[in-house]
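Summary of the model geometry
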Amino acid sequence: MNYFHTDKLDSRNTLMKFLPFVLNALTVVCVCWTFREGILWSDFPMQWQSCSYALRGIDIYSVRGTEIEAGFHAVPWGLVLGNVFYGGFLPYRAAEIYFTLLNMIVAAYAAYVMYSRIKKVYPELELCTIAVSLLSIDYIFAYYSGNAGGIICAFLIIAWAWREKHPILSGILISVAMVKPQTALIVCLDFIIMKHVMPVIIAAVIDVAAWFTASLLTHKGVFELIYDFLFSSGRGESTPFAGIFHFVFQNFMTAVFFSMLAGIVFVFVLHKYLPDDMPSFFKVYPSFMASTFWCYSFMRDSYVLIVPALMCLHFMTLHKGKFKYLMWLLFSVFCAYGYAFRSAFYKVMHSISPSLSWHPAQDLYEVGIIVIGILICIELRKVYSEAKS
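None of these values were measured; they are calculated from a predicted model.

Calculation criteria
- Residues numbered from 1 in each chain as written.
- Predicted model: local features only at pLDDT ≥ 70, side-chain atom pairs only at ≥ 80, totals over all residues.
- Heavy atoms only, no water.
- Helix = DSSP H or I, 4+ residues; strand = E, 2+ residues; numbered from the N terminus.
- Buried < 20%, exposed > 50% of the residue type's maximum accessible area, 1.4 Å probe, protein only.
- Contact = heavy atoms within 4.5 Å.
- Areas by Shrake-Rupley, 256 points an atom, 1.4 Å probe, with all protein chains shown as cover.
- Patch = residues over 30% accessible without salt bridge, like charges linked within 9 Å, V, L, I, M, F, W, Y side chains within 5 Å.
- Salt bridge = Lys/Arg side-chain N within 4 Å of Asp/Glu carboxyl O.
- Axes fitted to C-alpha atoms, helices over the stretch in contact; angles between N-to-C directions.
- Parallel < 35°, antiparallel > 145°, perpendicular 65-115°, else oblique.
- Left-handed = near helix turned anticlockwise from the far one by under 90°.
- Phe/Tyr/Trp six-rings, centres within 6.5 Å; stacked < 30°, edge-to-face > 60°.
- Lys NZ or Arg CZ within 6 Å of the ring centre and 35° of its normal.
- Expected span 1.5 Å × (residues − 1).
- pLDDT = per-residue confidence, 0-100.
- Polar contact = N/O pair within 3.5 Å; in protein donor to acceptor, adjacent residues only side chain to side chain.

Regarding the overall build of the chain
Per the secondary structure count, the chain includes 19 helices and zero strands. Expressed as a percentage of its 389 residues, the buried residues of the chain come to 55%. Pairs at least 24 apart in sequence give 72% of the contacts found in the chain among residues at least 6 apart. Per element, the accessible surface of the chain, about 17100 Å² overall, is 69% carbon and sulfur.

Structure follows, in structure tokens:
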């Protein structure tokens, strides 16, 4: 049931007509800033090479540090399914074109999916949906760095939208997105909590099959592959990529374990208190937010935050009070442009003291995501409670 009647909108909702242009301008500034860093395609050659090697039967873990960068990580099933993104079956130049076209098509379709879902909830958000989803800085940054993070996040958004009508296709998208389990795995919790188990089962079957295929191609045991992935690269000291607890534990794997635990608790607790009657498309927001801090988080894997960003825009228009209106707007902008805030904070700190690393900026961003996620849940309960009374 929808308790909100939007026939007569507050005059301040005229901001919605101009907000897309403001957000687009912010995106352009962020993109130009990113381009100055000179990181074009930094990931793509290595990702393409690993996929190509796997198809030719070469064990990438045995050549890591020689033919492939020492710090490169790829889950065993990703050696096969990663070809969906990086086109290891194609010559390198053709694979670049393939990757570019795939990014464009997936971005456009993800925008259409969000547009069609949000149009049913609140028509006034249609323009914002297209503007924000197509021009997300996180998606653009992922493409610019030659990483499939943006596509994977879009796959998860589409999979969530398809979970009821197309569970098989939803499961296929999840399985491919599991090339980055640090992004996709926790989203499976929302599917399970919301009792949409079939896509998760299908994804698990496909990923296990891809894992065994990688074993056959490389002539290595399945458990040997996962052992090489986890332990052969000499991971020891914790880094911000270990998640929110990296500054508590010095050991990388220990920090990852507790960061993952924090993400799981975050999702379960928020789901327990989410209003039952809120739009189902938005109920995935806890796991989307958790995916950015729970394990090996990186800015190019943050496009999933476009969903909570749009959700906040939706609830922003329902408030007459200026404070709540501004609060929801700030929540939305932080979710949609968190990378920009994180980078800006680092730039300011670095200008003050060049010896400072970007770690504090990452920590502040992740704490901000957790706090905002909790505040959103609290405010949602208030909104629906007031609407019922």
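Alright, that's what it looks like, and here's the rest.
Quick word on unusual backbone geometry
One non-glycine residue, K195, lies in positive phi territory at about 65 degrees. With respect to the helices and strands, K195 occurs in the loop between helix 11 (187-193) and helix 12 (198-218). Of note in this structure, H219 is not a glycine but carries a positive phi near 60 degrees. Inspection of the secondary structure assignment puts H219 in the loop between helix 12 and helix 13 (222-231).

Let's talk about a nonpolar patch on the surface
Where nonpolar side chains cluster on the molecular surface, the patch consists of F257, F258, L261, V265, V269 and Y273 and spans about 530 Å² of accessible area. Topologically, F257 is positioned in helix 14 (residues 252-273).

Brief notes about the packing of helix 16 (residues 306-316) against helix 17 (residues 322-336)
Running from N to C, helix 16 and helix 17 cross one another at 165 degrees; their axes reach a closest spacing of 8 Å. One finds that helix 16 runs roughly antiparallel with respect to helix 17. With respect to the hand of their crossing, helix 16 and helix 17 are arranged in left-handed fashion. Of the residues in helix 17, those in contact with I306, P308, A309, C312, L313, F315 and M316 of helix 16 are Y325, W328, L329, F331, S332, C335 and A336.

Re the packing of aromatic side chains
One pass over the structure, following the stated rule, counts 20 aromatic pairs. Relative to Y98, the ring of F89 has its centre 5.9 Å away and its plane inclined at 70 degrees; by these criteria the two rings are edge-to-face. A relative accessible area of 49% means that F89 is categorised as partly exposed. A connected cluster of aromatic rings, assembled from ring pairs, spans F44, W48, F85, Y86, Y92, F99, Y143 and F155. Just above the ring of W160 sits the side chain of R163; from NZ or CZ to the centre is 4.0 Å.

Here's the deal with the environment of L90
Relative to the assigned elements, L90 resides in the loop between helix 4 (83-86) and helix 5 (92-121). Taking C-alpha positions, L90 is 8.2 Å from S52, a pair spaced 38 residues apart along the chain. Those residues in contact with L90, other than ones at most four positions away along the chain, are W48, A95 and Y98.

Concerning helix 9 (residues 167-177)
Quick reminder: α-helices carry 3.6 residues per turn. Residues three or four places apart thus point the same way. Restricting attention to buried positions, one finds in helix 9 the residues S170, G171, L173, I174, S175, V176 and A177. Buried residues along helix 9 sit against helix 3 (78-81), helix 4, helix 8 (149-162), helix 10 (181-184), helix 11 and helix 12.

Considering helix 8
Compared with an ideal rise of 1.5 Å per residue, which puts 14 residues at 20 Å, helix 8 spans 20 Å between its outermost C-alpha atoms and is within 8% of the ideal. Counting buried positions along helix 8 gives 14 out of 14 residues, so the element sits mostly inside the fold.

Focus: the environment of H166
With respect to the helices and strands, H166 occurs in the loop between helix 8 and helix 9. By relative accessible area, which is 37% here, H166 ends up partly exposed.

Some words on the confidence of the model for the chain
Confidence in the prediction of the chain, expressed as mean pLDDT, is 79, and 76% of residues score 70 or more. Of all the helices and strands in the chain, helix 1 (residues 15-35) carries the lowest mean pLDDT, 60, while helix 9 carries the highest, 95. Predicted confidence is poor over residues 1-9, with pLDDT under 50, and the contacts of this stretch with residues over four places away or in other chains come to 15 contacts.

Considerations on the pattern of salt bridges
When the charged atoms of two side chains lie near each other, side chains of opposite charge can form a pair. Applying the stated criterion across every chain, the model contains five salt bridges. Where K382 meets E379, a salt bridge forms, and the shortest distance between an N and an O atom there is 3.7 Å. One end of the pair, K382, and the other, E379, are both in helix 19 (residues 359-388), three residues apart, so they sit about a helical turn from each other. Three or more residues are tied together by salt bridges with common partners; here these are K324, E379 and K382.

Considerations on the side chain of E379
A relative accessible area of 7% means that E379 is categorised as buried. At 3.1 Å, the side chain of E379 forms a polar contact with the side chain of K324. Among residues more than four places away in sequence, those in contact with E379 are K324, M327 and W328.

Some remarks on the environment of N83
Along the chain, the position of N83 falls in helix 4. Each C-alpha atom of the pair N83 and S50 lies 9.3 Å from the other, and the pair is 33 residues apart in sequence. Not counting the four nearest positions on each side in its chain, N83 is found in contact with C51, L55, G88, F89 and Y98. Polar contacts involving the side chain of N83 include one to the main-chain carbonyl oxygen of L79, which spans 3.2 Å.

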